[in-house]
Amino acid sequence: MALPACAARALGPPLQLERGAPARTTCPRRHSRVEAELAASRPGSVAASVRAGPPRGVSRGFNSQPLLDEPLKASSSLAGAARAPLFALLLRGRRRRMHNLRRRWDLGSLCRALLTRGLAALGHSLKHVLGAIFSKIFGPLASVGNMDEKSNKLLLALVMLFLFAVIVLQYVCPGTECQLLRLQAFSSPLPDPYRSEDESSARFVPRYNFSRGDLLRKVDFDIKGDDLIVFLHIQKTGGTTFGRHLVRNIQLEQPCECRVGQKKCTCHRPGKRETWLFSRFSTGWSCGLHADWTELTSCVPAVVDGKRDARLRPSRNFHYITILRDPVSRYLSEWRHVQRGATWKASLHVCDGRPPTSEELPSCYTGDDWSGCPLKEFMDCPYNLANNRQVRMLSDLTLVGCYNLSVMPEKQRNKVLLESAKSNLKHMAFFGLTEFQRKTQYLFEKTFNMNFISPFTQYNTTRASSVEINDELQKRIEGLNFLDMELYSYAKDLFLQRYQFMRQKEHQEARRKRQEQRKFLKGRFLQTHYQTQSQGQNPNPSQNPSQNPNLNASQSGTQNLFQNLIQNLTQSSGQNPSPKENQESQKQNSGQEQSDGNTSNGTHDYIGSVEKWR
C-alpha cells in the first residue's frame, strides 16, 4: 500500500528548527502545530511532558507572566513529525472539523483572557485614581499616619459600593419625584395646611372687637339665579393667580370654557348664556384697567344689564371680593413692574361720572413709560398712585371729592378714605390675603359653598422678596403707605378672626352630629332591648293581664322608665337637664324604680357598657 506524498515527505530527513520558533512540516495543506499538539495530547509522549502548563491562550491568573506562545521543544516537533503519517491517514472531513474546533477554542480562550486582563487593568487604574483623590482630600491626616493596605482596600470597597448604589438608584428611580427619596416613615407627621403660613406664631391674639355678624360670612350664592361675583383686582396683590383659580380651578356643574392662547374664559350659568363672574379672565377689563371700588359700583350694573329696560332688570346681588397684600412687598413689586415698562395708561380712574384732569392727577414721567427708574425716583414722585393704592382703590372717592385735593384738608381726607376702605372691606362678601393662600381658599369655599379642585400654593419667593432694602428704606416705604399699613393690619386681624371662627364652628357642628348619632343609636338599641324583654315576660298574649297584677305593674314601670330615657336621649346638648332636675325626677319616679328594680339595674348596666364603648 503506497503512502501519500505528504506522509512520505514527512518521513524524510529531520527539519531544521529555528531558534525560538515552532517546528513546521513541509506539507502545504496544514501547519505542523496541529499535529504536534495532537501528539502532545497523547499520554506518555515527550511533548505532553514538556507542555505541562495550561493550553495555549489561557491566562494563568492576574499574577502570571504575559501571554506568549512558548516555542515547542525539538523533541515535541520530532514526535509530531513521526506521527504525521497516522494523522494523514484520517479522513479529510474529520481533520477539518477538529481544526475548526481548535480554532474556536483558541478564540474563546483569547477573549476570556483579554476580558480578565482588561478588568484587572481597569481596577488597578481606578485604585490609583481614587488613591490620588483621597490623598488630596485626606492630606491633613497624613501626619497622623499612613493607612495600611487593609484600610485602603476597605475604603476602595466602600467607594465602589457607593457608586454601585448610585447607579442602581438612578436606574430604579430616575425622576426627582421618586417615592423612595421621601422617606415618609422617618418624617414627621404632616402639618396642618392652615397653620401660620407666614412663619409667625401659631397663636393669634386679636386686636379688634368684631361682632358675630362681621365674622360669620356665609353667602347664599345661587349660580343658577341672577347673583354675580365681582372681583376687584388691585395691582401686584396676587390677583392674577386668584383670578385664574376662579375660572380654571372651581368644581362647577358647568365649568368655564377656556381656550388655548386666550386669556378670557366663558363662564356661563348652567342652562343660560349669562356669566356669573365679573373679572379680568371672564369679562375682561369692561370697566377699565384695574377698576377700583368707585368705578365698579357704578359701572358693573350698567355693563351687565345695560341692554335691558330698567323695569325688566332682575334684582341682582353683587358679591364683591378682593385680595390684599403686605404694603411694603406690594409697593416694591409695583416698582419692579414699572421698571420693566408697565404704565397702566388704560386705567380710566372715572369718579363721579368723569375722569380726572391732568392738573388733578399729574404724571410722574414724561416719556412713553417709566422703565429703568430707580427706587429713589419712584418714591420721590408725590403724585405716584402706588402710594396707599389699596386704600384708594377700596374707598369711595366721591366722599372726598374724587381726585380734587382742594376739597378738604389732607388729614381729614386721609381719615375719611381709611374709614371708607375699612367699612367696604368689612362688608364685602369675601377678601383674602396673599400671605395666607390656604386660609384664603378655605374661607372662600365656606363663604360661597364652592370647592376648588386643587389646593392653593404659597409662594414665598417673589420679585419683591429679591429686593434688598435697609431699615431706612423700609421705614420710608412704610411712611409713604401709612394708610395701607393701617388697613392691612385691620384686614389681617379680621381675616384671622374669621378663619378661627369658621374653624370652631365647623368643629362644633361635627361634634353635634356625632352626639346626635350616638343618641339615635342608643335610643334604637334601648327600644329593641325593651321590646325583647317585654315579649320574654309575656310569652302568652291570650292571658288576661288582670290575672297577673305583678306583671302588669312591672310592664307599666318599664314603659314609664323607657319613656323617660327616650326623652332624655332625644334632647339636644343645650337642653340637657341640670343635676338638680335629675334628682327631682328621680325622687318622683322612686316608686316606679323600686317596682322595677331588676329592669333598671339592667338598663344602668347597658348604659355603662355604652359609655365604656364610647
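Residues numbered from 1 in each chain as written. Predicted model: local features only at pLDDT ≥ 70, side-chain atom pairs only at ≥ 80, totals over all residues. Heavy atoms only, no water.

Put simply, the rule is: UniProt positions are given in the numbering used here, feature names are shortened, and annotations may be inferred rather than shown by experiment.
Under an unreviewed UniProt entry, the name given to the protein is Heparan-sulfate 6-O-sulfotransferase, and the organism recorded is Bos taurus. On record in UniProt, under Subcellular location (unreviewed entry), the comment for the protein is "Membrane". Recorded under Sequence similarities (unreviewed entry), the UniProt text for the protein is reproduced unchanged: "Belongs to the sulfotransferase 6 family."

Remarks on the overall build of the protein
Here is the rule we go by: The way it works is that DSSP assigns letters per residue, a run of H or I at least four long becomes a helix, a run of E at least two long becomes a strand, and they are numbered from the N terminus. The buried label goes to any residue with under 20% of its type's maximum accessible area, the exposed label to any with over 50%, and the partly exposed label to all in between, with areas taken from a 1.4 Å probe on protein chains only. The contact criterion used throughout is that any non-hydrogen atoms of two residues lie within 4.5 Å. For every accessible area listed, the method is Shrake-Rupley and the probe measures 1.4 Å; residues are considered covered only by the protein chains on display.
A tally of regular secondary structure across the protein gives 21 helices and 6 strands. Sorting the 614 residues of the protein into buried and exposed places 33% on the buried side. Of the contacts made within the protein by residues no fewer than 6 positions apart, 73% connect residues no fewer than 24 positions apart. Total accessible area on the protein is roughly 39800 Å²; 54% of this is exposed by carbon and sulfur atoms.

Focus: the state of the cysteines
Keep this limit in mind: Pairs of cysteine sulfur atoms within 2.5 Å are identified as disulfides in what follows.
What the rule picks out here adds up to 5 disulfides. Disulfide pairing is shown between C256 and C267; the S-S distance is 2.1 Å. Residues C256 and C267 share a disulfide whose torsion about the S-S bond is about 115°; that sign makes it right-handed. Highlighted residues: C256 in the loop between helix 9 (239-248) and strand 2 (257-258) and C267 in the loop between strand 3 (265-266) and strand 4 (277-278), separated in sequence by 11 residues. The two residues C256 and C267 agree in class, both being buried. Between the sulfur atoms of C287 and its disulfide mate C299 the distance is 2.0 Å.

Digging into empty space enclosed by the protein
To keep things clear, this is the line we draw: Buriedness of a pocket was judged along seven lines, with at least five required to meet protein on both sides within 12 Å; pockets are open sets of points on a 1 Å grid over the protein atoms alone, cavities are sets where a 1.4 Å probe fits but cannot get out, and lining residues have an atom within 4 Å of a point. Grid points are joined across faces, edges and corners, and a volume is the space filled by probe spheres set on the points.
A complete count under the given rule lists 5 cavities of 30 Å³ or more for this structure. Taken as a whole, the largest cavity encloses approximately 90 Å³ of empty space. As for the largest cavity, its lining consists of 13 residues, and the residues nearest its centre are F231, F278, W285, A291 and L296.

Some thoughts on the packing of helix 11 (residues 327-339) against helix 16 (residues 471-480)
The description of two helices packed together rests on the angle between their axes and the distance between the axes. The condition is simple: Here an axis means a line fitted to C-alpha atoms, over the contact stretch when the element is a helix, while the angle between two N-to-C directions is reported on a 0 to 180 degree scale. Any angle between 65 and 115 degrees counts as roughly perpendicular, while under 35 counts as roughly parallel, over 145 as roughly antiparallel, and the rest as oblique. All residues other than Ala, Val, Leu, Ile, Met, Phe, Trp, Tyr, Cys, Pro, Asp, Glu, Lys and Arg, Gly among them, are scored as polar; the first ten of these are nonpolar and the last four charged.
Across the interface, helix 11 lies against helix 16 with an axial gap of 10 Å and an inter-helix angle of 95°. Taken together, the axes of helix 11 and helix 16 are roughly perpendicular relative to one another. Touching V328, Y331 and L332 of helix 11 are Q474, I477, E478 and L480, all from helix 16. Taken together, the residues that form the contact of helix 11 with helix 16 break down as 5 nonpolar, 1 polar and 1 charged.

Here we look at the pattern of salt bridges
The condition is simple: Each reported salt bridge corresponds to a side-chain nitrogen of Lys or Arg within 4 Å of a carboxyl oxygen of Asp or Glu.
Tallying each qualifying case throughout the model produces 14 salt bridges. Notably, a salt bridge pairs R354 with E360, separated by 3.2 Å at the nearest N-O pair. We note a salt bridge from R476 to D380, for which the minimum N-O separation is 2.5 Å. Within this pair, whereas R476 is found in helix 16, its partner D380 is found in helix 12 (residues 375-380), the two being separated by 96 residues in sequence. Given a relative accessible area of 35%, R476 falls into the partly exposed group. What you see here is one network of salt bridges that share partners, running through R269, E274, D305 and R316.

A short note on the nonpolar core
Defined as follows: Throughout this description, the term nonpolar core refers to a set of buried Ala, Val, Leu, Ile, Met, Phe, Trp, Tyr and Cys residues connected via side-chain atoms within 4.5 Å.
Counting 70 residues, the largest nonpolar core has F242, W276, L296, I321, L394, F444 and F448 as its most contacted members. For this core, the leading source of residues is helix 17 (residues 482-537), giving 11 residues. Setting aside residues up to four positions removed in sequence, L296 forms contacts with V230, F231, L232, F278, C287, A291, P301 and Y320.

Section: the sheet that holds strand 5 (residues 318-324)
Threshold: The pairing criterion is simple: DSSP has to find at least two bridges between the two strands.
The 4 strands are arranged 4-1-5-6 in an open sheet whose pairing can be described as parallel. One side of each edge strand has no neighbouring strand; the edge strands of this open sheet are strand 4 and strand 6 (430-433). Taken together, the 5 bridges between strand 1 (residues 228-232) and strand 5 define a ladder with parallel strand orientation. Of the residues in strand 5, the one forming a bridge with L228 is F318. On top of the sheet, helix 15 (residues 437-448) reaches strand 1, strand 5 and strand 6; it is set at about 170° to strand 6, its chief contact.

What about the layout of surface pockets?
The volume enclosed by the largest pocket comes to roughly 1100 Å³. Along the walls of the largest pocket sit 46 residues, with K236, G238, R325, T434 and T462 positioned nearest its centre. Residues that form the lining of the largest pocket fall into these classes: 13 nonpolar, 20 polar and 13 charged.

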